[in-house]
Amino acid sequence: MDDLVMIGPMLASVGEALEKNFTVHKYWEADDKDAFLASQKDTRFVATASGCSGDIMRAMPALKLVASFGVGYDSVDVETAKERGIKVTNTPDVLSDAVAELTLGLMLSLCRRIVASDKYVRDGKWLADGNYPLTSELTGATVGILGLGRIGKEIAARCQAFKMRVVYHGRTEQRFSPFPYYADLEEMAKDVDWLVAVVPGGAGTAGLVNRKVMNALGPKGSLVNLGRGSLIDEPVMIEMLKSGELGAAALDVFAEEPKMSEELWAMDNVVLTPHSASATDKTRWGMGDLVVRNLLAHQSGNPLITPVV
Ligand code: A2R
């Protein structure tokens, strides 16, 4: 059987499928990482849910494919992979519905204050203090999608079902999109009630949602992040949420996750989830299946199913 290096723990279904088809070597279990990599000079395959550095790639001269779990691959050193002729695959599409579903869940939670009002009931305040304050709704509001890609389009379709107006920003206008395009993110932020960020992470998008953009979104605006924590200037966001310069935020991803400023925990105008947008049984199984099918395709000399490079 071919050798394969698994960088970190993966879903049980992926581990089992890989064990059936490869001799699996577990990088994260090795005490001496250098000695481990030195023993993998002939290994052609890597499977990972936690990235793959250029150092690992350089230490594995026979490496041919890094199969990554997840649609975002900012933690895989794609530039080094390209230089060394190593293929990289990700798991797009299979997670778009689940991510879009959680996005709408977060938006509803935020504007209807579902989490805060659940706590209100559980704390006995309904009985003691009377009705919860009035909230806002999605119907009739405008949502600006930052990144109208595979996931962004699924979010847009669901927002339309909630009778919202949809606009978008990306680097390029999509000629056949039914939604109005903004070439400038700040201009879009001025015109929307909701800004939903769902662009890839990495150097090109770091800090895209900066003070100017959040200022344009304003005290009545809500920011939703399903992309990567790095997209938002997090300290500035926290400062603006505290001062009321930014209305509210729903966040599934964080710059230093799972760490984050505990100031966020105390805020009523914030909803937080633990990077779980794709974390359903069905979707995670589908993502794992795609990791395995890419590896098997390459092993048997067939074209990769979802290549990044
Ligand atoms: O910029 P465009 O026209 O290529 O549109 C892409 C947009 N995008 C950006 N928009 C503004 N500024 C940027 N620097 C920038 N870079 C990329 O993000 C495109 O519409 C969208 C990404 O769409 P897809 O490649 O189809 O990715 P998918 O599957 O929707 O996933 C997006 C991200 C993942 O990379 C994970 O970080 C997260 O959602 O789960």
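Residues numbered from 1 in each chain as written. Predicted model: local features only at pLDDT ≥ 70, side-chain atom pairs only at ≥ 80, totals over all residues. Heavy atoms only, no water.

1. Quick word on the layout of surface pockets
Using a probe with the size of a water molecule, rolled over the atoms, empty space left in the structure can be pinpointed. Keep this limit in mind: In this analysis a 1.4 Å probe is tested at points of a 1 Å grid over the protein atoms alone, and where it fits but cannot get out there is a cavity; an open set with protein on both sides within 12 Å along at least five of seven lines is a pocket; lining residues have an atom within 4 Å of a point. Grid points are joined across faces, edges and corners, and a volume is the space filled by probe spheres set on the points. Numbering goes from the N terminus for both helices and strands, where a helix is a DSSP run of H or I of at least four residues and a strand is a run of E of at least two.
In this structure, the second largest pocket encloses a volume near 360 Å³. Along the wall of the second largest pocket there are 19 residues; nearest its centre are V115, A116, K119, M267 and D268. For the lining of the second largest pocket, the secondary structure elements donating two or more residues are α6 (114–122) and β12 (270–272). Among the elements that line the lining of the second largest pocket, the one with the most residues is α6, at 6 residues.

2. Digging into the packing of aromatic side chains
Note the threshold: Ring geometry is summarised as follows: Phe, Tyr and Trp rings, the Trp one being its six-membered ring, pair when their centres sit within 6.5 Å, and such pairs are stacked at plane angles under 30 degrees, edge-to-face over 60 and tilted between the two. Note on criteria: charge over ring means Lys NZ or Arg CZ within 6 Å of the ring centre, with the direction from the centre no more than 35 degrees off the ring normal.
Taken as a whole and judged by the stated rule, the model has 4 aromatic pairs. With centroids separated by 5.7 Å and ring planes inclined at 70°, the aromatic side chains of Y27 and F36 adopt a geometry described as edge-to-face. With a centroid separation of 5.2 Å and an interplanar angle of 50°, the aromatic rings of Y168 and Y181 are classed as tilted. Here the residue Y168 occupies a position in strand β7 (residues 165–169), and Y181 occupies one in strand β8 (residues 181–182), the gap between them amounting to 13 residues. Here K33 stacks its cationic end above the ring of Y27, 5.1 Å away from the centre of that ring.

3. Observations regarding the side chain of S109
Which entries qualify depends on this criterion: For every residue, the accessible area obtained with a 1.4 Å probe (protein chains only) is divided by the maximum for its type, and the residue is called buried under 20%, exposed over 50%, and partly exposed between those limits. Polar contacts, as counted here, are pairs of nitrogen or oxygen atoms within 3.5 Å of one another; within protein the pair requires one atom able to donate a hydrogen and one able to accept it, and residues that are adjacent in sequence qualify only if both atoms are side-chain atoms.
Residue position: S109 is located in helix α5 (residues 96–111). Note on S109: relative accessible area 14%, which makes it buried. Looking at S109, its side chain comes within polar contact range of the main-chain oxygen of G105, at 2.7 Å.

4. Brief notes about the site of the ligand
Note the following rule: Summary of the distance rule: residues count as near a molecule or strand when at least one heavy atom falls within 4 Å of that molecule or strand.
Not every one of the 20 residues close to the ligand is listed here, only the nearest: G149, R150, I151, R171 and T172. The contact in question runs from an oxygen atom of the ligand to an N or O atom on the backbone of G227, over 3.4 Å.

5. Overview of the pattern of salt bridges
The condition that has to hold: Whenever a carboxyl oxygen of Asp or Glu lies within 4 Å of a side-chain nitrogen of Lys or Arg, that contact is scored as a salt bridge.
Taken as a whole and judged by the stated rule, the model has 13 salt bridges. For K190, the salt bridge goes to E187, with nearest N and O atoms at 3.1 Å. One end of the pair is K190 and the other is E187, both in helix α9 (residues 185–191) and 3 residues apart, which spans about a single turn. Among the residues examined, K190 registers a relative accessible area of 48% and is labelled partly exposed.

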